[in-house]
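Listed below are the residues making up each chain.
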2 protein chains.
Amino acid sequence: MSLFNFFNKRVVGNTAPAARERLQVLLAHERAEIGQSDLVAVLREEILAVIARHVPINRDKVKVKMGRGEQISTLEVDIELPQPAGLATAH
Amino acid sequence: MSLFNFFNKRVVGNTAPAARERLQVLLAHERAEIGQSDLVAVLREEILAVIARHVPINRDKVKVKMGRGEQISTLEVDIELPQPAGLATAH
């Protein structure tokens, strides 16, 4: 399975999200050799930490899914961001 | 356009990659209000720096694409990783 098949499969299973502020991160690591270290697992916490430095993240609003196949490791992070102060009622 | 439409569109335009070690990062930021700061642009360099701390990245082998729509900002990073020492001829 290629990286692109993975992303395609993820997409098809989802319905259109409501209009809200959100951030989505998809990572895929395709190894040439089976059994190497899992780069995606290593990067997971550090990328979440980078994001948390820039936007307030409510841990209840973060969905993380990891997948680990023989050749492809994947990470999907879906973060619903709080409305910036003053904008929530600005319509 | 939703996040999922964006990812779907990206995927369709690509052909299956050859078997090699690579890392792909897709980021999408969907803003509830137009004109807010561009989170994806802010995260771009820091996420690349996180990756570079864990794997040797050859700058010639990194493809970065940014997109900026009215409501969705996107980042696509495709990194071809060097074969770990000793594995390249291990078949």
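Residues numbered from 1 in each chain as written. Chains lettered and ligands numbered in written order. Predicted model: local features only at pLDDT ≥ 70, side-chain atom pairs only at ≥ 80, totals over all residues. Heavy atoms only, no water.

Undergrad: Explain the overall build of chain A to me, please; I cannot follow it from the model alone.
TA: Within chain A one finds 2 helices and 3 strands. Along chain A, helices and strands appear, N-terminal first, in the series α-β-α-β-β. When the 91 residues of chain A are sorted by exposure, 44% land in the buried category. Counting contacts in chain A only where the partners sit at least 6 residues apart, residues at least 24 apart contribute 64% of the total. Counting every atom, chain A has about 4,900 Å² of accessible surface; 50% of that belongs to carbon and sulfur. (Helix = DSSP H or I, 4+ residues; strand = E, 2+ residues; numbered from the N terminus. Buried < 20%, exposed > 50% of the residue type's maximum accessible area, 1.4 Å probe, protein only. Contact = heavy atoms within 4.5 Å. Areas by Shrake-Rupley, 256 points an atom, 1.4 Å probe, with all protein chains shown as cover.)

Undergrad: Please clarify how the environment of L81(A) should be interpreted in this entry.
TA: Structurally, L81(A) can be placed in the segment after β3 (72-80). Judged by its relative accessible area of 7%, L81(A) falls in the buried class. Along the backbone, L81(A) and R20(A) are 61 residues apart, and their C-alpha atoms lie at a distance of 8.1 Å. Look past the residues within four positions of L81(A) in its chain and what remains in contact with it is E21(A), R22(A), L23(A), V55(A), H29(B) and L39(B).

Undergrad: What exactly am I supposed to notice about helix α2 (residues 39-54) of chain A here?
TA: Along an α-helix, a turn takes 3.6 residues, which lines up residues three or four apart on a common side. Between its terminal C-alpha atoms α2(A) stretches 23 Å, which fits the 22 Å expected from 16 residues at 1.5 Å a residue. At E45(A), α2(A) shows its maximal kink, close to 25°. The set of residues buried in α2(A) consists of L39(A), V40(A), L43(A), I47(A), L48(A), V50(A) and I51(A). The inward-facing, buried residues of α2(A) contact β1 (22-30), β2 (62-68) and β3 of chain A together with β1 (22-30) and α2 (39-54) of chain B. (Expected span 1.5 Å × (residues − 1). Bend = angle between axes of the 7 residues up to and from the residue.)

Shape is all these values report; function is a separate question.
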